Amino acid sequence: MNRYSNAGWLWAWPFPLAVLALWQLSAARGWVPEQVLPAPAQVWATFAELARSGELWEHLRISLVRVLAGFGIGLGAGLALGAALGLSPTLRDYVFPLFKAFSQVPVLGWLPLLMLLVGIDEGLKFLLIAKATLVPVVVNTCQGIAGVPQRYIEVARVCRYSRWQLLGRVVLPAAIAPIWNGVRYGLTHAWLALVVVELLASSEGIGFLIVYGRQLFQLDVVLAAVLAVGIVGFVLDRALARTEAWLLRWRQPGL
Amino acid sequence: MNTSHFVPRRLRGWVLPLLLLALWSWAAGALDSPLLVSPLAVWQRGLVQLAGGELWQALSASLWRDACGFVLGAGAGLAFGALLGASRGFERLVGPSFHTLKQISLFAWIPMLTMWFGLGEAAKIAFVALAAFFPVVLNTCEGLRGVPREWLEVARVHGFGRWQLLRRVIAPAAAPSIFTGLQLALIYTWLATLGAEYLLASGQGIGNTLIDGREQFQIDLVLFGVVVIGLVGFGLNSALAAVERRLLSWRERTVARY
């Protein structure tokens, strides 16, 4: 993680600050109308106001509960299915084509159908978010496990590892990086699915706040909500990256 | 898996779908629910859509949107990703901002894009392009970054020029990652095309077919739409995979020659 060392952080600032300055300047000089792009200061004020009134937290709380529930379901099912498919070529022959077909239809393709079948309540959100998580987790887990180099397994055979030793000491460590990649993609997709389902079919949550702001032509509310979406997405991804560094800490000296 | 020895390997993928189809047909006949239409009804609806030409109209509108956005977004993404991967200074300056922007959930851009580009075709294509941009940048950058240092050193020892280095070492080494990016971009653009059609419901497209079907409570139409969406996604991916195989076979040949 040396990319985020102190010097790296200093380098990161000039570009966004320049963009912000240009943005503020163009708003102050009236180069772009306020309805099209409100000044950053105004967006920040709206953001602070939404945070102070508690409105933002309430929407965020609802959204986070949805994401975590859907992500949890999708992750559990995805890891199990992915591991089964990765370990058994026979099962892969039977199930993978169907799974492939299922995953070809994006979350949004299922949305109208699911709206007809389960309505537009929380169930719909959980299902869609779980589906969004499931696909990358299954694909990466399966490929990660199936892609463990044959020679590692041969070495383990030579060392007379038992089945569990083979799984725990060879397959899992060799596959953990792609699996974790899948988990990260899964969370990104879950967050994506949350926002879209809230944009389309919700009366609360952070995605709804965006639609609401758009309908009232209050782009400062839209941008403030987008800012919140970005921050949460960033925090979620950082948390997973940290966990990844921790999970893969044994690899550092080797490299 | 007792049956594994009786089913030839190539046919195994068909077992589950056929079982499901049989179960579905049976359930549609046995349970009388408006939510369960039989596969036959979906098929017939599909034939009507095909014969009437509605399908082609919707599909060609969607595919055109998808293709325009993909080309714009992936092209920009390749250039930006290559810069990010090749230049340390550029990566330091712009990388963190890019990674922050990337965190904004894709669909959250739609309301802003509609403010900037209106509610028509331009906003849809801009959104699709944005969907292609991010994965291509990430994977191009990672592909370039992932070229093993030893390879570069070997190339230097052999006195490779800049162009030779790019063509014989860097491009083949980064190609798989770049293709992963393009493949992801294809998946995302198709998703984004649907999303744009749902959220900016003016105009034609397969997404509009689906929401119309939902509003009119025509499950057969919705299911047919889902199948079409899946087939298109599959077709797009297969096409890209074929291109990838061609390019990677070139890579293997080159490697094999040495």
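Every chain is numbered independently, its residues counted from 1 as its sequence is written. As a convention, the first chain written is A and the first ligand written is 1, with the rest following in written order. The predicted origin of the model limits local features to residues at a pLDDT of at least 70 and limits the giving and counting of side-chain atom pairs to 80 or more, whereas totals for whole chains, interfaces and linings rest on all residues.

So, the overall build of chain B
Only DSSP runs of H or I reaching four residues or more are called helices, and only runs of E reaching two or more are called strands; each is numbered from the N terminus. Broken down by element type, chain B carries 10 helices and zero strands. Order of helices (α) and strands (β) in chain B, N terminus to C terminus: α-α-α-α-α-α-α-α-α-α. Computed over C-alpha atoms, the radius of gyration of chain B comes to 23 Å, more than 25% over the 18 Å expected from 2.2 N^0.38 for 258 residues, which places it beyond the range of a compact globule. The principal-axis extents of the C-alpha atoms in chain B amount to approximately 75 × 60 × 30 Å. For chain B, the proportion of its 258 residues judged to be buried stands at 37%. Residue pairs at least 24 apart in sequence account for 75% of intrachain contacts in chain B once pairs closer than 6 positions are excluded. With C-alpha atoms as the basis for the radius of gyration, the globule rule is written as 2.2 Å multiplied by the number of residues raised to the power 0.38. Between the buried cut of 20 or more and the exposed cut of 12 or fewer other C-beta atoms within 10 Å of a residue's own C-beta lies the partly exposed class, and all C-beta atoms are placed from the backbone. Here contacts are defined at the residue level, using C-beta atoms placed from the backbone and a cut-off of 7 Å between them.

Quick word on the overall build of chain A
Each helix and strand counted, chain A has 12 helices and zero strands in total. Its C-alpha atoms put chain A at 75 × 55 × 30 Å along the principal axes. The buried share of chain A, taken over its 255 residues, is 39%. Considering only contacts in chain A between residues 6 or more positions apart, those separated by 24 or more positions represent 72%.

Some points on the interface of chain B and chain A
Across the contact, 43 residues belong to chain B and 44 residues belong to chain A. At the level of elements, helix H1 (12-30), helix H4 (88-102), helix H5 (109-117), helix H8 (162-199), helix H9 (206-215) and helix H10 (219-257) of chain B are the ones that each hand at least two residues to the side of chain B that touches chain A. With eight residues, H10(B) is the largest single contributor of residues to the side of chain B that touches chain A. Any residue outside Ala, Val, Leu, Ile, Met, Phe, Trp, Tyr, Cys, Pro, Asp, Glu, Lys and Arg is labelled polar, Gly included; the first ten of those are nonpolar and the last four are charged. Residues of the side of chain B that touches chain A, tallied by class, amount to 29 nonpolar, 10 polar and four charged.

Re H9(B)
Residue and element names in this part refer to chain B. Burial analysis of H9 places eight of its 10 residues in the buried class, which makes it a mostly covered element. Restricting attention to buried positions, one finds in H9 the residues Ile206, Gly207, Asn208, Thr209, Leu210, Ile211, Gly213 and Arg214. Count one or two residues on from H9 and you reach Phe217, which has phi positive near 60°.

A look at the packing of H5(B) against helix H6 (residues 121-145) of chain B
Relative placement of two packed helices is described by the angle separating their axes and the distance separating the axes. Residue and element names in this part refer to chain B. Here H5 crosses H6 at 135°, and the two axes come no closer than 9 Å. With respect to H6, the axis of H5 lies oblique. Between H5 and H6 lies a crossing of right-handed hand. Across the interface between the two elements, Trp109, Ile110, Leu113, Thr114 and Phe117 from H5 touch Ala122, Ala123, Ala126, Phe127 and Leu130 from H6. Axis angles are defined between N-to-C directions and span 0 to 180 degrees, where every axis is a line fitted to C-alpha atoms and, for a helix, only to the segment in contact. Working definition: roughly parallel below 35 degrees, roughly antiparallel above 145 degrees, roughly perpendicular at 65 to 115 degrees, and oblique for all remaining angles. The crossing is said to be left-handed when, going from far helix to near helix, the turn is anticlockwise and less than a right angle, and right-handed when the turn is clockwise.

With respect to the packing of H6(B) against H8(B)
All names here are of chain B. For the pair H6 and H8, the least separation of the axes is 7 Å and the interaxial angle reads 160°. The pairing of H6 with H8 is recorded here as roughly antiparallel in orientation. In the packing of H6 onto H8, the handedness of the crossing is right-handed. Of the residues contributing to the contact of H6 with H8, the split by class is 18 nonpolar, eight polar and two charged.

Structural notes on helix H2 (residues 14-28) of chain A
Over its 15 residues, H2(A) runs 21 Å from end to end, which matches the ideal 21 Å to within 8%, given 1.5 Å per residue. Trailing H2(A) by a residue or two, A:Gly30 shows a phi angle of about 75°, which is positive. Expected span of a helix, by definition, is 1.5 Å for each gap between consecutive residues, and there is one gap fewer than residues.

Looking at the confidence of the model for chain B
With 95% of its residues at a pLDDT of at least 70, chain B reaches an overall mean of 86. Within chain B, H10(B) has the poorest average pLDDT of any element, 79, and helix H3 (residues 54-86) of chain B the best, 94. What pLDDT reports is the predictor's confidence in each residue, on a scale of 0 through 100.

Things to note about the nonpolar core
For our purposes the nonpolar core covers buried Ala, Val, Leu, Ile, Met, Phe, Trp, Tyr and Cys residues that link as a set through C-beta atoms within 7 Å. Of all hydrophobic cores here, the largest spans 124 residues; its most connected members are A:Leu128, A:Ile129, A:Ala193, A:Ala225, B:Trp109, B:Phe127 and B:Ala132. Here this core takes 16 residues from H6(B), the largest share from any one element. The contact partners of A:Leu128, leaving out residues within four places of it in the chain, are A:Val107, A:Trp110, A:Leu111, A:Leu114, A:Ala193 and A:Val197.

Brief notes about the confidence of the model for chain A
With 95% of its residues at a pLDDT of 70 or more, chain A shows a mean pLDDT of 87. Averaged pLDDT values over the elements of chain A bottom out at 55 in helix H12 (residues 251-254) of chain A and peak at 95 in helix H4 (residues 55-87) of chain A.

Notes on unusual backbone geometry
All names here are of chain A. Of note in the backbone geometry, Arg160 takes a positive phi value of approximately 55° without being a glycine. The topology assignment puts Arg160 in the loop between helix H8 (150-158) and helix H9 (163-200). The exposed category is assigned to Arg160, around which 7 C-beta atoms lie within 10 Å.

A few points about the environment of B:Ala239
Residue and element names in this part refer to chain B. Relative to the helices and strands, Ala239 is located in helix H10. Here Ala239 falls in the exposed class, since 11 other C-beta atoms lie within 10 Å of it. In this structure, the C-alpha to C-alpha distance between Ala239 and Ser249, residues 10 residues apart in sequence, is 16 Å.

Observations regarding the environment of B:Ala196
All names here are of chain B. Mapped onto the elements of the fold, Ala196 is located in helix H8. Looking at Ala196, the number of C-beta atoms within 10 Å reads 31, which means it is buried. Taking the C-alpha atoms as reference points, Ala196 and Ala171, 25 residues apart in sequence, are found 34 Å from one another. With sequence-adjacent residues up to four places away left out, Ala196 is seen in contact with Lys124, Phe127 and Val128.

Here we look at the environment of B:Leu83
Residue placement: B:Leu83 occurs in helix H3. For the pair B:Leu83 and B:Gly13, spaced 70 residues apart in the sequence, the C-alpha separation amounts to 42 Å.

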